[in-house]
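# Residue-level structure breakdown
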Amino acid sequence: GERLRSDAPTILRQRCPELGDAFDKRGWSLPASIDRVYDSALAQNELGWQPRYGFEAVLSLLDSQICEVLPLRSADSWSPTQAQE
């Protein structure tokens, strides 16, 4: 947990290189610090629940300019290049 607070980019790149690659492709920085992690393993194991969406689906919606995932402050004038700033 402490490493996520002090060096989140390294941990994210080790645990999920695809996420790092997706951020790199868009010119985004990974978060410097993460203060909490939500783990659905118990729901998956005990209840058979399976997530329907991962970060790839959210990024696809963002790339397609679907307003459900766009920042509220720029939903009316957002463009993919703004997300890279």
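Described in the following lines is the structure provided in the data block.

Conventions adopted
All chains use their own residue numbering, which begins from 1 and follows the written sequence. Only residues with pLDDT of at least 70 get local features here, since the model is predicted, and only at 80 or more are side-chain atom pairs given and counted; chain-wide, interface and lining totals rely on the full set of residues. Hydrogens are left out, water is left out, and the side-chain values use all remaining heavy atoms of the structure. Between rings of Phe, Tyr and Trp, where Trp is taken as its six-membered ring, a pair exists when centres lie within 6.5 Å; planes separated by under 30 degrees are stacked, by over 60 edge-to-face, and by other angles tilted. Here the term buried applies to any residue with accessible area under 20% of the maximum for its type, exposed to any over 50%, and partly exposed to those in between, with areas from a 1.4 Å probe on protein chains only. Each salt bridge in this description consists of a side-chain nitrogen of Lys or Arg and a carboxyl oxygen of Asp or Glu lying within 4 Å of one another.

What follows deals with the packing of aromatic side chains. Counted under the stated rule, the structure contains one aromatic pair. Seen in terms of ring centroids, Phe-23 and Trp-28 are 5.2 Å apart; in terms of plane orientation they differ by 85°. Their pairing is edge-to-face. Phe-23 sits in the buried class, given a relative accessible area of 17%. Note on Trp-28: relative accessible area 17%, which makes it buried.

The next thing to look at is the pattern of salt bridges. One pass over the structure, following the stated rule, counts four salt bridges. Between Asp-35 and Arg-36 there is a salt bridge whose closest N-O contact spans 3.1 Å.

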